[in-house]
Amino acid sequence: MTKTVYTIGPSLPFVDTLATGVWEQAGGDPVRLARYYILLPTRRSCRSLREAFLRLSDGKPTLLPRMAPIGDVDEDELVLSGDANVSPEDRPSLDLPPAISAIRRQLLLGEMIRKRPSRPTPDQAALLAREMGSLIDQVATERLNFDDLKTLDVGEYAAHWSETLEFLELVTEFWPDILAEEGLLDPAERRNRMLAAQARQWSESPPSSPVIAAGSTGSIPATADLLSVIAELDQGCVVLPGLDQGLDDSTWLALGPTHPQYGLRHLLSHMEVDRQSVGEWPTSTNLSHDSEIPSDRETLIRRAFLPASATGDVISLNDLPTETLRGVLRVDCKDTAQEATVISLIMRETLETPGKTASLVTQDRNLARRVVSELKRWNINIDDSAGVPLIQTPPGTFLLSVADAIAEDLAPVALLALLKHPLTAGGQSPGTFRQWVRELEVGALRGPRPDPGFEGLLSALSAPKHGKLRELVENLRQEAEPFCACLTENPVKLQRALRAHISFAEFLTGSDEQSGQDRLWRGDAGETLARFLADLHDALDEGMEISPRDYTPFLKTLMCGAVVRPRFGRHPRLNILGPLEARLQHADHIILGGLNEGVWPPEPQSNPWMSRPMMTAFGLPVPERRIGLSAHDFVQAFCAGTVTLTRSERVDGVPTVPSRWLRRLDNLVTDTVYEGALKPDPYLTEISEALDRPESTERLQHPAPKPPVSSRPRQLSVTRIRTLQRDPYAIYARSILKLEPLKSIDAEPGPAERGIIIHDILDRFIRKYPRDLPDNAEAVLVDIGRDAFARTLSNTTVAAFWWPRFQRIAEWFIDDEQTRRANGEFPAMNDMNETTKRVASEIDGCIEFDAPGGLFRLRARADRVNSLPGGGLAVIDYKTGQTPTAAQAETGLEPQLPLEAAMIHQGAFKDVPRDEVHRLTYIRLTGGRIPGEVRNLKLDVGKVAADTWENFKILIAGYDNPDQAYLPHVRPMTTRDVGDYDHLARVREWLLSEDDP
């Protein structure tokens, strides 16, 4: 029987050409037009065809043909009776079980996988279940049988493939019984039966109305069967997209899976249709993108894609017009950010011409998101038709944040991620809620982590000023109790935990004006999340359980498969499409973005279940088949009227390789009349760089605040004098502006905390034993250390590193102390009576003097002061980090010990006898390979102390001058010095500015 097959060339807009032909066949009669039944590949192509008919009718209301997506069939969309005019009660019933939902199948397969001896975690099992579901659909699509796996000779393959086949026994032995018990079918199997039933019905009872199948390449065998039946109908025909009839027969037969025409060749072979009998879709109107060169670019791309067996022939392009590549522009960008900017510029320029349209077609979703963001600089809102993963939307991230915070026992980072989420309001106005979250952050969550759970959080808020915060935390605890209770059970009942999770999430999103349901489930993302959770709840069995620590990763894995696709708000003239969505679409300007190897075409996906030889032996198509489909998409788009090809030379800092199709075109046009036609055009990249380049720049000056003398500090500690010398701006920010640096969130105890603990331990020991050391001195010191470290030993870093180091410090310190006391060096005391409690360890001193701005007070806390056996004193400072040098002390860069010596000489320490200081000592305590080290500064202590004191008074007098500014980084130790207030002083900006020519 003769089969009617047409094609529409890639240089023609497919849906407009198809609509024009149907319109002409119907003579513009709406009644005749309504009798047509048109099958298209996707729902988007159905929508595009409707829009094409509306363009033909100049927007006037008209009856349209019935249209249905052949790849997403449904009983209500396919005319199973063979004639649309037959009443529904006379139509035969398929009586097919419904298809199992994707999430239900994933849960059931995951439960089976978790029972395997390897015992994967629930989230790992869910990932494997998703891959196994894909394999089940692929096998059903190719109409293969899993029972044939048993006949594969696994001896030819690696040993692990044999283990994989044993694993797949889950499918061959247990899955069919589970489906039968559920009364459901796999989606691909049900689709096959639907298509087969349609094909059988039309074969037995041909419809009396015209049927057209357009745009499909028949990659699904069941679809190919239906297309073959439609082509045989008296009023049926198949319209193929972009069949190349210019290839010679030998090349046609040599096509491989990666060639753009391979899929159509396979379809025609299956339909038993000769390529030469395929005609052009009949229309009386020339709809070519460029009527002057309707097919020359097709010839060019045909020659570029010739298979290897044909490329040995001499390929001449000089017979083609030099205008063949007119309208084709190539732009190579330095990175993805620049590529997104270039694409957004092209799309923005398109809007300057009324009615003109543009579409970005790309496999790279990251690039698509960047373009969406770039277009917002011109207030152009556009959606990526491929959608956004649910876990990247505000409702999705919020739901996971709720689970993370509870599962991690309110760890500071997880808790703040939840409380600072835009959707969180806790029953209050969002502004009020944000305010108390900031207070909670400063009051309890910065610095070392509080104890776990709500009890630890309340314990950290024990100060009276935190009364309101405690009240709010108590309210949170009450609302979270059901969810917390679920996650403390082991195992967790999934269905019950999910309900408690949703209830707590709704409470957190509620505000003083809107309920949590109204805020959480609104918009496309909220509705998608609501559907996902409803489907998940229905798919869960009462007995499904999980461990508490696996709840969050398991939920996240399940959500990974959900995508939010916008329904409203699409731009009327701009589109961002994936290759699948772009098929059969038309735009005045097509932008093919991300043309790098691995993106266009995508990397062939390796099959986690079978090696390539096993796939071939089993009958599955090789992964390269997808490359051929992607190549067909590229050819269709490349033959449009105006095309821009873009790529990034680097992605995330990694060099890229141009797409193989770009390289084919490059190789073809070299040394021909087209030389340079596809060379990257720098014009758009230059504009993109100029877009954010300022017209002029001003060299930033460092800040130089000059507050009134009355506002300047009248007291400082000796440790602050060093800061005043090196970075005066830090004194200005802290002592005048009263800005205190915030601690880090969930901070690990750092060097400062370690130094404080060590100082405290040694102070307690020295005060307890100012004269004679006990026999078990090291054990006593370790016991004091254990008590001091008690609160921090739960931290793994402290337990693993600090505590062993302290034990080594204790051993070294006792040896050093015994030596000192044996030589007659003891802690200095005013009252030499042994019963005194005043010892020279961690002692406070203070001295006042008259300065130009008024009385000034210098404070100090000396780590330790010892009396020397020959008379005089030694000032000792414990250091757990680097120790200053004698040169730094002598030049005044490290004034702490010299100033303390000067203060002792003037009697500023009431617990230390007024005497001469003969030695300045640093005791470095690291607990490392060298646990401790004594460093006595070799200098004339009396002279250095006197000079430092005089220089200090000159320094203070200088800052009592109202014209003296507090400058940042006056004398930094190194260029890498980073202060607490450098960001406020914008140090990096003016330092870089000073380096500019």
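Residues numbered from 1 in each chain as written. Predicted model: local features only at pLDDT ≥ 70, side-chain atom pairs only at ≥ 80, totals over all residues. Heavy atoms only, no water.

To continue, consider the overall build of the chain. Tallying secondary structure elements over the chain gives 38 helices and 24 strands in all. Relative to the compact-globule value of 30 Å for 997 residues, the chain shows a C-alpha radius of gyration of 39 Å, a clear excess of over 25%. Overall size of the chain, expressed as C-alpha extent along the three principal axes, is 125 × 70 × 65 Å. Counting across all 997 residues of the chain, residues that qualify as buried make up 51%. The contacts in the chain between residues at least 6 apart in sequence include a share of 77% that link residues at least 24 apart. (Helix = DSSP H or I, 4+ residues; strand = E, 2+ residues; numbered from the N terminus. Rg over C-alpha atoms; globule rule 2.2 N^0.38 Å. Buried < 20%, exposed > 50% of the residue type's maximum accessible area, 1.4 Å probe, protein only. Contact = heavy atoms within 4.5 Å.)

To continue, consider the layout of surface pockets. Roughly 1,800 Å³ of volume is contained in the second largest pocket. Of all the elements in the fold, those that place two or more residues in the lining of the second largest pocket are helix H29 (718-726), helix H30 (728-736), helix H31 (751-768), strand E21 (854-867) and strand E22 (873-879). Looking at the lining of the second largest pocket, its residues break down into 13 nonpolar, 13 polar and 17 charged. (1 Å grid on protein atoms, 1.4 Å probe; cavity = no way out; pocket = protein on both sides within 12 Å on 5 of 7 lines; lining within 4 Å. Points joined across faces, edges and corners; volume = space filled by probe spheres on them. Nonpolar A, V, L, I, M, F, W, Y, C, P; charged D, E, K, R; others polar.)

A separate point is the nonpolar core. Residues Met132, Leu440, Phe532, Leu536, Tyr551 and Met610 are the most contacted members of the largest nonpolar core, which totals 92 residues. One finds Tyr732, Ala860, Ala902 and Tyr959 within the second-largest nonpolar core, a separate group that totals 51 residues. (Core = buried A, V, L, I, M, F, W, Y, C linked by side-chain atoms within 4.5 Å.)

Here Asn490 shows up in the loop between helix H19 (467-488) and strand E10 (492-493). As for Asn490 and Gln235, which are separated by 255 residues in sequence, their C-alpha atoms are 65 Å apart.

A few words now on the sheet that holds strand E13 (residues 574-577). Spatially, E7-E15-E14-E8-E13 is the arrangement adopted by the 5 strands of the open sheet, whose pairing is parallel. Sheet topology places strand E7 (328-333) and E13 at the edges, where each strand pairs with a single neighbour. Pairs of neighbouring strands in the sheet enclose a mean axial angle of 15°, with direction left out of account. Inspection of the sheet shows strand E8 (residues 358-362) paired to strand E14 (residues 589-593) by 5 bridges, in the parallel sense. (Pairing = 2+ DSSP bridges. Axes fitted to C-alpha atoms, helices over the stretch in contact; angles between N-to-C directions.)

Here helix H15 (residues 394-407) crosses H19 at 65°, and the two axes come no closer than 10 Å. For the element pair H15 / H19, the angle class is roughly perpendicular. Along this stretch, H15 crosses H19, giving a crossing that reads as right-handed. The residues of H19 that touch H15, namely those facing Val402, Ala403, Ile406 and Ala407, are Ala480, Phe483, Cys484 and Leu487. (Parallel < 35°, antiparallel > 145°, perpendicular 65-115°, else oblique. Left-handed = near helix turned anticlockwise from the far one by under 90°.)

Take the pairing of strand E23 (residues 917-925) next. With respect to burial, E23 is a largely interior element, 7 of its 9 residues being buried. As paired elements, E22 and E23 share 7 bridges and run parallel to each other. Bridging from a neighbouring strand, Leu873 pairs with Val917 of E23. Here E23 pairs with strand E24 (residues 932-936) via 5 bridges, running antiparallel. Counterpart to Tyr922 in the pairing with E24 is Arg935. Between the end of E23 and the start of E24, which pair antiparallel, lie 6 residues, with Gly927 showing a positive phi angle near 75°.

Moving on to the pattern of salt bridges. Counted under the stated rule, the structure contains 48 salt bridges. Across the pair Lys879 and Asp877 runs a salt bridge, and its minimum N-O distance is 3.6 Å. Here the residues in one salt-bridge network are Arg330, Asp332, Arg647 and Asp666, joined through shared partners. (Salt bridge = Lys/Arg side-chain N within 4 Å of Asp/Glu carboxyl O.)

A few words now on empty space enclosed by the protein. With a probe scaled to a water molecule rolled over the atoms, the places where space remains empty come into view. This structure, assessed with the given rule, holds 9 cavities of 30 Å³ or more. A volume near 290 Å³ is recorded for the largest cavity. Together, 22 residues line the largest cavity, and Ala582, Leu584, Gln585, Gln636 and Ala637 are the ones closest to its centre. Broken down by secondary-structure element, the contributors of at least two residues to the lining of the largest cavity are E8, helix H24 (579-582) and helix H26 (624-638). Top contributing element to the lining of the largest cavity by residue count: H26, with 3 residues.

The next point concerns the side chain of Ser57. On the secondary structure map, Ser57 appears in the loop between helix H3 (43-56) and strand E3 (66-69). Judged by relative accessible area, Ser57 falls into the buried class, the value being 9%. In terms of polar contacts, Ser57 uses its side chain to reach the backbone carbonyl oxygen of Leu54, at 3.1 Å. Apart from the residues within four sequence positions on either side, Ser57 is in contact with Trp23 and Thr62. (Polar contact = N/O pair within 3.5 Å; in protein donor to acceptor, adjacent residues only side chain to side chain.)

Our next topic: the confidence of the model for the chain. Mean pLDDT over the chain works out to 85, with 91% of the residues at or above the 70 mark. Contacts of residues 74-92 to residues separated by more than four positions or lying in other chains number 41 contacts, the stretch itself having pLDDT below 50. In this model residues 832-838 is a low-confidence stretch, pLDDT under 50, and it forms 8 contacts with partners more than four residues away in sequence or in other chains. (pLDDT = per-residue confidence, 0-100.)

Let us look at the pairing of strand E1 (residues 5-8). Taken together, the 4 bridges between E1 and strand E5 (residues 236-241) define a ladder with parallel strand orientation. Residue pairing for E5: Val5 is matched across the bridge by Val238. Pairing analysis gives 2 bridges linking E1 to strand E6 (residues 279-280), with the strands arranged parallel. Each bridged residue has a counterpart across the sheet, and for Thr7 the counterpart in E6 is Glu280.

What follows is about the sheet that holds E5. As summarised here, the arrangement of the 6 strands in space is E3-E2-E4-E5-E1-E6, forming an open sheet in which the pairing is parallel. In the strand order of this sheet, the two ends are held by E3 and E6, each with one partner. Bridge count between strand E2 (residues 37-40) and strand E4 (residues 211-214): 3 bridges; the pairing is parallel. Its bridge partner lying in E4, Leu39 is registered against Ala213. The sheet strands contacting helix H9 (residues 221-232) are E1, E2, E4 and E5, and the helix crosses E5 at an angle near 125°.

This part is about unusual backbone geometry. Note: most peptide bonds trans; most residues except glycine with negative phi. Going from Asn490 to Pro491, the amide bond is cis rather than trans, its omega being 5°. Its location among the elements puts Pro491 in the loop between H19 and E10. The omega torsion across Trp600 and Pro601 is -5°, close enough to zero to call that bond cis. Looking at where Pro601 falls in the secondary structure, it is placed in the loop between E14 and helix H25 (612-618). The backbone of Glu272 sits at a positive phi, close to 60°, despite the residue not being glycine. Turning to its location among the elements, Glu272 is positioned in the loop between helix H11 (262-271) and E6. In this structure Glu272 comes out as exposed when scored by relative accessible area, which is 71%.

Moving on: the packing of aromatic side chains. To describe a pair of aromatic rings, you give the distance between the ring centres and the angle between the ring planes. Summed over all chains, the structure comprises 26 aromatic pairs. Here Phe146 and Phe618 contribute two aromatic rings whose centre-to-centre distance is 6.4 Å and whose plane-to-plane angle is 35°, an arrangement assigned as tilted. Of this pair, Phe146 sits in the loop between helix H5 (122-141) and helix H6 (159-167) while Phe618 sits in helix H25, and the two are 472 residues apart along the sequence. On the basis of relative accessibility, which here comes to 11%, the residue Phe146 falls in the buried class. Measuring from centroid to centroid gives 5.5 Å for Tyr729 and Tyr732, while their planes differ by 50°, and the two rings are tilted. (Phe/Tyr/Trp six-rings, centres within 6.5 Å; stacked < 30°, edge-to-face > 60°.)

A cluster of acidic residues, Glu163, Glu166, Glu169 and Glu173, forms a negative patch on the protein surface. Those elements that place two or more of their residues in the negative patch are H6 and helix H7 (169-182). Positionally, Glu173 belongs in helix H7. (Patch = residues over 30% accessible without salt bridge, like charges linked within 9 Å, V, L, I, M, F, W, Y side chains within 5 Å. Areas by Shrake-Rupley, 256 points an atom, 1.4 Å probe, with all protein chains shown as cover. Lys, Arg positive; Asp, Glu negative; His and termini not counted. Charge placed at Lys NZ, Arg CZ, Asp CG, Glu CD.)

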